[in-house]
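The chain contents come next:
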Amino acid sequence: MNAEITIHTPCFRLMNPNTLYNPRPFAYSHIAEVKHFSRLLHISGQGGENQRGLLSKDFSQQCEQAFQNLINALQHVQADLMDIAVLRVLVVDHSPKKHQFLIQEMQKRWKHHDFPACTLIPVPCLAIPGMLIEIEATAYCK
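It should be emphasised that the depicted structure is a prediction, and the values quoted were computed from it without experimental measurement.

The rules we used
Residues numbered from 1 in each chain as written. Predicted model: local features only at pLDDT ≥ 70, side-chain atom pairs only at ≥ 80, totals over all residues. Heavy atoms only, no water. Helix = DSSP H or I, 4+ residues; strand = E, 2+ residues; numbered from the N terminus. Rg over C-alpha atoms; globule rule 2.2 N^0.38 Å. Buried < 20%, exposed > 50% of the residue type's maximum accessible area, 1.4 Å probe, protein only. Contact = heavy atoms within 4.5 Å. Areas by Shrake-Rupley, 256 points an atom, 1.4 Å probe, with all protein chains shown as cover. Lys, Arg positive; Asp, Glu negative; His and termini not counted. Charge placed at Lys NZ, Arg CZ, Asp CG, Glu CD. Pairing = 2+ DSSP bridges. Axes fitted to C-alpha atoms, helices over the stretch in contact; angles between N-to-C directions. Salt bridge = Lys/Arg side-chain N within 4 Å of Asp/Glu carboxyl O. Core = buried A, V, L, I, M, F, W, Y, C linked by side-chain atoms within 4.5 Å.

A. Quick peek at the overall build of the protein. The helix and strand inventory of the protein stands at two helices and six strands. Counting helices and strands in the order they occur from the N terminus, the protein gives β-β-β-α-β-α-β-β. Here the C-alpha radius of gyration of the protein, 16 Å, is about what a compact globule of 142 residues would show, namely 14 Å. Taking the principal axes of its C-alpha atoms as reference, the protein extends roughly 45 × 45 × 25 Å. Burial analysis of the protein (142 residues in total) assigns 40% to the buried set. Contacts in the protein between residues far apart in sequence, at least 24 positions, make up 76% of those at least 6 positions apart. A total accessible area of about 8700 Å² is found for the protein, and carbon and sulfur atoms account for 54% of it. For the protein, the distance from the average position of its 13 positive side-chain charges to the average position of its 12 negative side-chain charges is 2 Å.

Here it is in structure tokens:
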């Protein structure tokens, strides 16, 4: 029996020019250059609600769940986090503590990989009362 081996070859290149500051400690890259892809995925903003639609009151739990929801959406179309070139993260009542938790969560999820280009957008509220974070993604796949 032959086991199928999947090698992840991104359709884009993530870059951090020396003429700009190093964004790696903040868990993002400055530039995502996309070439030679066959599928473009737009993932709607994923919040911290679980499969039953329930939200924790804790930002860290919502952040973890939002990333898991993003992973679940990607897996449904045979993609993964490493296919994401761009993230947009909306955070209610942004604070340094929330920002640090988000950075740690991204460092945990991307580990030794380059981070996607990312914009954090502080907002006063989101679509669902009690929702504290929403993560939207654009992914490129072969």
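B. Inspection of the sheet that holds strand β5 (residues 117-123) at higher detail. The strand order across the open sheet built from four strands is β3-β6-β4-β5, with neighbouring strands paired in mixed fashion. The open sheet has two free edges, formed respectively by β3 (39-47) and β5, since each of these has just one partner strand. Neighbouring strand axes in the sheet, compared pairwise and without regard to direction, differ in orientation by 10 degrees on average. Here strand β4 (residues 84-92) runs beside β5; their pairing, made up of seven bridges, is parallel. Among the inter-strand pairings, Leu87 is bridged to a residue of β5, identified as Cys118. Here helix α1 (residues 59-76) sits on the sheet in contact with β3, β4 and β6 (133-141), set at roughly 155 degrees to β3.

C. Quick look at the pattern of salt bridges. The final tally for this structure, using the stated rule, is five salt bridges. The residue Glu136 makes a salt bridge to Arg88 at a minimum N-O spacing of 3.5 Å. With Glu136 in strand β6 and Arg88 in strand β4, this residue pair connects regions lying 48 residues apart in the sequence. Judged by its relative accessible area of 21%, Arg88 falls in the partly exposed class. Lys108 serves as the salt-bridge partner of Glu105, at 3.3 Å between the closest nitrogen and oxygen. Linking Glu105 with Lys108, this pair stays in helix α2 (residues 96-110), spanning three residues, or about one helical turn.

D. Representation of the environment of Glu33. Among the structural elements, Glu33 can be located in strand β2 (residues 31-34). Considering only alpha carbons, one finds Glu33 and Phe101, 68 residues apart in sequence, at a separation of 27 Å. Every residue in contact with Glu33, bar those within four places of it in the chain, is listed here: Cys11, Phe12, Arg13 and Met15.

E. Just the nonpolar core, in detail. In terms of nonpolar packing, the biggest core is built from 36 residues, with Leu70, Leu74, Ile84, Leu87, Trp110 and Ile133 touching the most fellow members. Taken together, the elements giving at least two residues each to this core come down to β3, α1, β4, α2, β5 and β6. Per-element accounting of this core gives the leading share, seven residues, to α1. Each residue touching Ile84, except ones within four places of it in the same chain, is listed here: Phe12, Leu70, Leu74, Trp110, Pro116, Ala137, Thr138 and Ala139. In this structure, Phe12, Leu14, Ala85 and Tyr140 belong to the second largest nonpolar core, which totals five residues.

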